[in-house]
Amino acid sequence: MLNTLVKRTWAEVDLDKLKNNYLSYKSQLNAKTEIMCVVKAFCYGHSEDAVVLFLQNELGVKNFAVSNIDEAVRLRKLGITGDILILGYTSPEAAQTLSEYNIIQTILDASYAERLNASADRRIRCHAAIDTGMTRIGFRGNSAQIAESLLYISRLEKLSLEGAFTHYAAADSLDESDTAYTARQTKLFFEAADLAEKMGVRLGCLHTLNSAGGLFHSEGLGGRSQFVRLGIVLYGLKPDSSLELPVNAEPVMSLKSLVTQVKTIESGVDISYGRTYTSDRPMKIATVCCGYADGYPRALSNRGEVIIRGKRCKITGRVCMDQFMCDVTGVDVSPGDTATLIGKDGSETITADDIADLAGTIGYEIVCGISARVPRIAVCGNIITDVCRLNL
Ligand SMILES: *Cc1c(COP(=O)(O)O)cnc(C)c1O
């Protein structure tokens, strides 16, 4: 079924799962809150080509968020017609591109607003970032100071302020002190927004929620967050691997590779660089053609597992740049068999969150890190609909 050129290591992107995740998430939201799909970093590594038009054309998504102007322009060139918000920095020198492509830019602070205003020749649509506790970007201070800042930028001639948002630092934690922190962030944000509006600033849309926020912290908001900026749960991963999600989200991406060689070895044989694994009995070893250059973490050396013919097989020795070896003793394996690195085979499943836990990171970093040389195969109704490369 797969093009032979693609058949080395590939990522399958299951659009049916994407749709289910989206609908399941939406069904638990306050009716006043809309979904803004966060499609930064190639849709968290899933590839824009495979995902964004499906979101727009099949699911009717009208609001998108990205991290930078390259991503925003790529979305326009792919045919995205809805609103696109850049969540981070854009060089003020790119002011013309922002207006030409009708892109909404986040305002980081007053100095950024002045520089953008000075280099714009047409009006630029903007949302103000309010820093209520992330200490990353945004206007800082008490509610009165933030309101003053909003008033100030609302008067800049070339900026058209259409919204304001904040970002939670710990919405994925249900711990008491983190929950209180999130509540304080919400309170400061809406107090500042209310004050600014009393001062005559028309803020347009206000939004605070990320994936975890929309699941765990939207109750008291009464729909005041016009958007949830839905990222990780859209792709079926958890904001924090220890959470139980109150929605049916399933991972959209699977990562697969091939067994290229199978050999039997005696006891006392060293495997891979640095000889970190030595067989203590006769074993059957399979070589798989995927490595850290594909984004499969080297930290999985001697720790990770893959699924071959429905059986979990332990990685033996170090993961190399393009290949690794695993223990297939007792498994009926031949060269050409599929190895499932992330995903389901038979009754066994390995998730990006499982890998992340072993590699000391988070699922976000695993899926974003699957490298450009791995083709993304979009699948819908078990049929391949597209073979995509990450195109800069
Ligand atoms: C990345 C990002 C999101 C999405 O976060 P998830 O945890 O993936 O839902 C939302 N808002 C901002 C500002 C972001 O940078």
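Above this text is the structure in question.
Structural notes, computed from the coordinates.

Procedures and definitions
- Along each chain, residue indices are assigned from 1 in the same order as the chain's sequence is written.
- In keeping with the model being predicted, local features are shown solely for residues with a pLDDT of at least 70 and side-chain atom pairs are shown and tallied solely at 80 or more, while totals for entire chains, interfaces and linings include all residues.
- Excluded from the side-chain calculation are hydrogens and water; included are all heavy atoms of the structure.
- Only protein chains enter the accessibility calculation, which uses a 1.4 Å probe; a residue whose area is less than 20% of its type maximum is buried, one above 50% is exposed, and one in between is partly exposed.
- Secondary structure elements follow DSSP: runs of H or I of four or more residues count as helices, runs of E of two or more count as strands, with numbering from the N terminus.
- By arc we mean the arc of the directions from the helix axis to the C-beta atoms, nothing more.
- In this analysis, two residues are considered to be in contact whenever any of their non-hydrogen atoms come within 4.5 Å of each other.
- The salt bridge definition used is simple: a Lys or Arg side-chain nitrogen within 4 Å of an Asp or Glu carboxyl oxygen.

Here we come to helix H10 (residues 352–359). Three or more residues of H10 are buried, namely Ala-352, Asp-353, Ile-355 and Ala-356. Each buried residue of H10 sits inside an arc of 160° when the element is viewed along its axis, so together they form one side. Contacts made by the buried residues of H10 are with strand E18 (338–345), strand E19 (348–350) and helix H11 (363–369). Immediately downstream of H10, the backbone of Gly-360 shows phi near 70°, a positive value.

What follows covers the pattern of salt bridges. Here the structure, examined in full by the defined rule, presents 18 salt bridges. The residue Lys-256 makes a salt bridge to Glu-12 at a minimum N-O spacing of 3.4 Å. Placement of Lys-256 in strand E11 (residues 253–265) and of Glu-12 in strand E1 (residues 9–14) is noted, with a sequence separation of 244 residues between them. With a relative accessible area of 22%, Glu-12 lands in the partly exposed category. A salt bridge links Lys-314 to Glu-305; its shortest N-O distance comes to 3.0 Å. Linked by salt bridges that have partners in common, Arg-8, Asp-294, Asp-322 and Arg-373 make up one network.

Coordinates in, geometry out; function isn't part of it.
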